[in-house]
Amino acid sequence: MSEDVLPVGTPLVAPSMGAVRTTFLALDRTVETVGSDCRSVAETLGALSDALATITQNTGSGQQFLGAGLVGLPIAGAIKAAKSLAGQYVKQQTGVPLSAWTELVSSSSAQFDAYLAQLEAVAAVSRRHRGAELEPAAEDQQVLLDARWQTRGWKQILGRVAQLGGLVDAILEANRGDEPAPEQAAGGFSGSMQRRLKEVQSRTVEKSGDLREWVLQPFVDLRDRVRQLPRQIEHLAREVALLEVLLDLEIAELRACLGQIPAAEARIVGLRVAAGVILPELAQRLADTRRRALDYRTYLDRLDGGRRAGTIDERAYAVLSAEYRAGLDQAMAELAGVEAQADVWRREGPTVLHACVDWVQLELDVVAARALTEQRTTDERRVLLQRERDRLIEAGQVLATL
């Protein structure tokens, strides 16, 4: 990017702790959204893992029911039958053994829990910088670097998690399949004893209903939740894409503030943060402040109408009128400041956005040239740059609405 493209001296792009805090604010909000989605998916994974344990683990194959005597035998048999049928149907319909699916669910659940812990570490750093006059620290940068690294690995499982509906459907198909013939009673029982065992089993089944259906009931309960996973994962993937962009920008900002990058590169970081963070945040503040001012005007109009109609007491009118006018004055004062910032963006914003797009395109060209000359893939860098370019397109649309 040539130097004459950069808007030298513009207040929009100067690296500052104010910009760092604004980016942390946006990062914190995105972390909260991603964390909420992750917890919802993690709860489903945990419940599915527990359900799978019933029909896959040795400790869940009915052994615990044998201590209940003869009545426990049909329960143990039902679990063994469900395990056998579920394994057959899952392998047939998905092409993947039930044991492999079980391992996937267990490992995915653990990875979601670990990622939630990493997100909390990022949120803790963001909270420390919220409204505080803190200088950036190398420790803050390391937390963000760890989060960026873990995000790259963790997001690889999202596609597989979205496919778990097929697993649950295959298991539930087992409930409609043919049950294998009951196993012969243990050796040493006389014919009369075996008949008594069958009678006990029959009476127990009559009381409990279809035991196989009972064993698979947790999967019935989970079916609707698991079917929501593709939609949840799709939304989560979009939020994670934004999270990666914000992590990259905040890391670059901290490096600039710590003097770890050259001045020219720091100016480019300022441009990227201005377009990708400051502008969207400003637009949101502008909309919120306008709405708050409009609300107070509406309250005052209604209050005046009620007074004229005689439905609002004079003393109540005096109290509320003072409250609403104070709120309106405060909102209007804030709105004037935000509008002044918006005016700067209306003048200089197009140049800033153009410079950012130019930088992203240059970086994409460098990535492509490197892949060609060095014969190695750089997909992660390319994808991140494309996401930042998408963010710039959105920023252009935001600028047009100011």
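Starting from 1, residues in each chain are numbered consecutively following that chain's sequence as written. In keeping with the model being predicted, local features are shown solely for residues with a pLDDT of at least 70 and side-chain atom pairs are shown and tallied solely at 80 or more, while totals for entire chains, interfaces and linings include all residues. Each side-chain value is worked out from all heavy atoms of the structure, with water and hydrogens disregarded.

Draft legend 1. Examining the overall build of the protein chain more closely. Tallying secondary structure elements over the protein chain gives 12 helices and 0 strands in all. Secondary structure elements follow DSSP: runs of H or I of four or more residues count as helices, runs of E of two or more count as strands, with numbering from the N terminus. Taken from the N to the C terminus, the helices and strands of the protein chain come in the order α-α-α-α-α-α-α-α-α-α-α-α. Per-residue burial for the protein chain yields a buried fraction of 41% across its 402 residues. Between two residues, a contact is recorded if the distance between any of their heavy atoms is within 4.5 Å. Intrachain contacts of the protein chain at a sequence separation of at least 6 include 83% that bridge at least 24 residues. If you sum the accessible surface of the protein chain, you get close to 21,000 Å²; carbon and sulfur atoms cover 52% of it. Using a 1.4 Å probe on the protein chains alone, a residue whose accessible area is under 20% of its type maximum counts as buried, one over 50% counts as exposed, and one in between counts as partly exposed. Residue exposure ignores everything except the shown protein chains as possible cover, and the areas themselves are Shrake-Rupley values with a 1.4 Å probe.

Draft legend 2. Seen up close, helix α12 (residues 379-401). By definition here, a helix of n residues has an expected span of 1.5 Å times n minus one. With 23 residues, α12 should reach 33 Å at 1.5 Å per residue; the first-to-last C-alpha distance of 34 Å fits that figure. For α12, the full list of buried residues reads Leu384, Leu385, Glu388, Arg391, Leu392, Ala395 and Leu399. The elements touched by buried residues of α12 are α9 (229-257), α10 (263-309) and α11 (314-374).

Draft legend 3. Representation of the environment of Leu271. Relative to the helices and strands, Leu271 resides in helix α10. Spatially, the C-alpha atoms of Leu271 and His354 are 9.9 Å apart, while their sequence positions differ by 83 residues.

Draft legend 4. Structural detail: the pattern of salt bridges. For this analysis, a salt bridge means a side-chain nitrogen from Lys or Arg found within 4 Å of a carboxyl oxygen belonging to Asp or Glu. A complete count under the given rule lists 21 salt bridges for this structure. In this structure, the salt-bridge partner of Glu244 is Lys155, at a minimum N-O distance of 3.0 Å. A residue pair is termed long-range when its members are at least 10 positions apart, and Glu244 in helix α9 and Lys155 in the loop between α4 (138-154) and α5 (158-161) qualify at 89 residues. Residue classification places Glu244 among the buried residues on the basis of a relative accessible area of 3%. Each of the salt bridges in this network shares a partner with another, and the network as a whole consists of Arg152, Lys155, Glu244, Glu380 and Arg387.

Draft legend 5. Quick look at the side chain of Gln232. Relative to the elements of secondary structure, Gln232 occurs in helix α9. Contact partners of Gln232, with chain neighbours within four places excluded, come to Ser40, Val41 and Arg225.

Draft legend 6. Main features of the packing of aromatic side chains. Centres within 6.5 Å make a pair out of two Phe, Tyr or Trp rings, where for Trp the six-membered ring is used; the pair is then stacked when the planes are under 30 degrees apart, edge-to-face when over 60, and tilted otherwise. Applying the stated criterion across every chain yields a total of 5 aromatic pairs. Ring plane angle 75° and centroid distance 5.3 Å describe the contact between Phe112 and Trp154, whose orientation is recorded as edge-to-face. Placement of the pair is Phe112 in helix α3 (residues 98-129) and Trp154 in helix α4, with a sequence separation of 42 residues. Across this residue pair, the class does not change: Phe112 and Trp154 are buried. Note on Tyr115 and Trp154: the rings are 4.0 Å apart at their centroids and 10° apart in plane angle, and the pair reads as stacked. Placement of Tyr115 in helix α3 and of Trp154 in helix α4 is noted, with a sequence separation of 39 residues between them.

Draft legend 7. Here's a closer look at the packing of α3 against helix α6 (residues 164-173). A fitted line through C-alpha atoms represents every axis, and for helices the fit uses only the stretch in contact; the resulting angles, taken between N-to-C directions, go from 0 to 180 degrees. It is at 11 Å that the axes of α3 and α6 come closest, and there the two elements cross at 135°. Classed by the angle they form, the pair α3 and α6 counts as oblique. In terms of crossing hand, the pair formed by α3 and α6 is left-handed. Residues Leu98, Trp101, Leu104 and Val105 of α3 lie in contact with α6, whose contacting residues are Leu164, Leu167 and Ile171. Small angles under 35 degrees read as roughly parallel and large ones over 145 as roughly antiparallel, with 65 to 115 read as roughly perpendicular and the rest as oblique. Crossing handedness follows the turn of the near helix against the far one: under a right angle anticlockwise gives a left-handed crossing, and clockwise gives a right-handed one.

Draft legend 8. View of the nonpolar core. Buried Ala, Val, Leu, Ile, Met, Phe, Trp, Tyr and Cys residues form a nonpolar core when they are joined through side-chain atoms within 4.5 Å. One finds Phe112, Leu164, Leu167 and Phe219 to be the most contacted residues of the largest nonpolar core, which totals 63 residues. Residue contributions to this core peak at 16 residues, all from helix α1 (residues 17-56). Ignoring sequence-local partners within four residues, the contact set of Phe112 consists of Cys38, Val41, Ala42, Leu45, Trp154, Ile157, Leu158, Val161 and Leu236. Membership of the second largest hydrophobic core comes to 25 residues, among which are Leu271, Ala275, Leu335 and Trp345.

Draft legend 9. A look at empty space enclosed by the protein. Cavities and pockets are defined on a 1 Å grid built over the protein atoms alone: a cavity is a set of grid points where a 1.4 Å probe fits but cannot escape, while a pocket is an open set with protein on both sides within 12 Å along at least five of seven lines, and lining residues are those with an atom within 4 Å of any such point. Grid points are joined across faces, edges and corners, and a volume is the space filled by probe spheres set on the points. This structure, assessed with the given rule, holds 1 cavity of 30 Å³ or more. Roughly 30 Å³ of internal volume is contained in the largest cavity. Lining of the largest cavity is provided by Arg148, Arg152, Glu244, Glu380 and Leu384. Counted by class, the lining of the largest cavity contains 1 nonpolar, no polar and 4 charged residues. Here the nonpolar group is Ala, Val, Leu, Ile, Met, Phe, Trp, Tyr, Cys and Pro; Asp, Glu, Lys and Arg are the charged ones; every other residue, Gly included, is treated as polar.

Draft legend 10. Summary view of the confidence of the model for the protein chain. As a per-residue measure, pLDDT reflects the predictor's confidence and takes values from 0 up to 100. On average, residues of the protein chain score 82 in pLDDT, and 77% of them are at 70 or above. This model gives residues 59-73 a pLDDT under 50, and the stretch forms 25 contacts once residues within four places in sequence are excluded. Within the model, the stretch residues 203-209 combines pLDDT values under 50 with 3 contacts to residues more than four positions away or in other chains.

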